[in-house]
Amino acid sequence: MSGTRSDGELLRAIAADSDRRAFEELYRRYAPWLTARLRGRCADPAVVDDVVQETFLAVWRGTARYREDGDAAGWLWRIGSRRLVDALRGDGARGRLRQALARLRHRDEASAEERVLAGVEHGDLAGALVRLSPELRAVLQATVIDGLSTREAAVLLGIPPGTVKTRAMRARKQLREELA
């Protein structure tokens, strides 16, 4: 075939025929981009390299299914970002998160997270989040939304664990004040 094949053509060839050349072309096209994007979320190059390899292995093995109408870059990003969270979180972090949530449910005093959720009903959560500095939002993203431990968030963000704790405390305080 002459010319450059589209992403869809490459992915169909990989899925239908295990076309090694199509796979190599897709890898050359997207691996550097995916690596750069993942490095923005994780400071450990070894973890990023493993995640990129796992992402493309999922494509090659067919365990990740591409929808014809979707964007290949977005699809690869979703696979890679999920694998990155899994790599950083591990099974232990899920258990720690469940334990922390269970402890929160049994406390008399409402936690910062519970107050934020109450603010969703009664306040301007989106506005309060936008007013946080990018550094504070990044810590909330990693620890609250992604469910990472302080240590895992530190690796992801490339900052010391103590800084993660300080920024999380500042973000919660600021949200509490704005939503009160």
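Sequence order as written defines the numbering, with residues in each chain counted from 1. Given that this is a predicted model, residues contribute local features only at a pLDDT of at least 70 and side-chain atom pairs are listed and counted only at 80 or more, while totals for whole chains, interfaces and linings are drawn from all residues. Only hydrogens and water are set aside; all other atoms, that is, all heavy atoms of the structure, feed into the side-chain values.

## Examining the nonpolar core
- One finds Leu26, Leu38, Phe56, Val59 and Leu84 to be the most contacted residues of the largest nonpolar core, which totals 36 residues.
- Going through the elements one at a time, helix H1 (7-17), helix H2 (20-39), helix H3 (45-61), helix H4 (72-105), helix H7 (134-145), helix H8 (150-157) and helix H9 (161-179) are the ones with two or more residues in this core.
- Within the second largest apolar cluster, seven residues are counted, among which are Ala128, Leu132, Ala171 and Leu175. Residues grouped as a nonpolar core are buried Ala, Val, Leu, Ile, Met, Phe, Trp, Tyr and Cys residues, joined through side-chain atoms within 4.5 Å. Only protein chains enter the accessibility calculation, which uses a 1.4 Å probe; a residue whose area is less than 20% of its type maximum is buried, one above 50% is exposed, and one in between is partly exposed. Secondary structure is summarised from DSSP: a helix means a run of H or I of at least four residues, a strand means a run of E of at least two, and numbering begins at the N terminus for each.

## Focus on the packing of aromatic side chains
- Two aromatic rings from Phe, Tyr or Trp, using only the six-membered ring of Trp, form a pair when their centres are within 6.5 Å; if the ring planes differ by under 30 degrees the pair is stacked, by over 60 it is edge-to-face, and anything between is tilted. Summed over all chains, the structure comprises four aromatic pairs.
- Between Phe23 and Phe56, the ring centres sit 6.3 Å apart and the planes meet at 80°, which makes this aromatic pair edge-to-face. Of the two residues, Phe23 is situated in helix H2 and Phe56 in helix H3; the sequence distance between them amounts to 33 residues. Accessibility classification places Phe23 together with Phe56 in one group, the buried group.
- Residue classification places Phe56 among the buried residues on the basis of a relative accessible area of 1%.
- An aromatic cluster of at least three residues, connected via ring pairs, comprises Phe23, Tyr27, Phe56 and Trp60.

## Remarks on H1
- For H1, the complete set of buried residues consists of Asp7, Gly8, Leu10, Leu11, Ala13 and Ile14.
- Within two residues after H1, Ser18 carries a phi angle of roughly 50°, on the positive side.

## Quick look at the pattern of salt bridges
- What counts as a salt bridge is simple: a side-chain nitrogen of Lys or Arg found within 4 Å of a carboxyl oxygen of Asp or Glu. Within this structure, the stated rule accounts for six salt bridges.
- Across the salt bridge formed by Arg29 and Asp7, the nearest N and O atoms sit 2.5 Å from each other. Placement of the pair is Arg29 in helix H2 and Asp7 in helix H1, with a sequence separation of 22 residues.
- Overall, the relative accessible area of 18% leaves Asp7 in the buried class.
- Measuring nitrogen to oxygen at the nearest pair gives 2.7 Å for the salt bridge that ties Glu178 to Arg131. Placement of Glu178 in helix H9 and of Arg131 in helix H6 (residues 125-131) is noted, with a sequence separation of 47 residues between them.
- Several salt bridges share partner residues, and in doing so they unite Asp7, Glu25 and Arg29 into one network.

## As for the packing of H2 against H3
- The axes are straight lines fitted to the C-alpha atoms, using for helices just the contacting stretch, and the angles between their N-to-C directions are given from 0 to 180°. Relative orientation of the contacting elements H2 and H3 amounts to 145°, with a least axis distance of 10 Å. The two elements H2 and H3 meet at a crossing, and its hand is right-handed. Across from Arg20, Phe23, Leu26, Tyr27, Tyr30, Ala31, Leu34, Thr35, Leu38 and Arg39 in H2, the residues of H3 making contact are Pro45, Val48, Asp49, Val51, Val52, Gln53, Thr55, Phe56, Val59 and Trp60.
- Counted by class, the contact of H2 with H3 contains 14 nonpolar, three polar and three charged residues. What makes a crossing left-handed is the near helix being turned counterclockwise from the far one by less than a right angle; a clockwise turn instead makes it right-handed. Throughout, a residue-residue contact means that at least one pair of heavy atoms, one from each residue, lies within 4.5 Å. Residue type decides the class: Asp, Glu, Lys and Arg count as charged, Ala, Val, Leu, Ile, Met, Phe, Trp, Tyr, Cys and Pro as nonpolar, and the leftover types, Gly among them, as polar.

## So, H8
- Here H8 has its buried residues at Glu152, Ala153, Ala154 and Leu156.
- Just past H8, the residue Gly158 takes up positive phi, approximately 70°.

## A word on the packing of H8 against H9
- Between H8 and H9, the least distance of the axes is 8 Å, while the angle of their chain directions is 105°. Classified by the angle between their axes, H8 and H9 sit roughly perpendicular to one another. In contact with Thr150, Ala153 and Ala154 of H8, H9 contributes Pro161, Val164 and Lys165.
- Here the residues of the contact of H8 with H9 sort into four nonpolar, one polar and one charged. Angular relationships are summarised with four words: roughly parallel below 35 degrees, roughly antiparallel beyond 145, roughly perpendicular across 65 to 115, and oblique for the angles in between.

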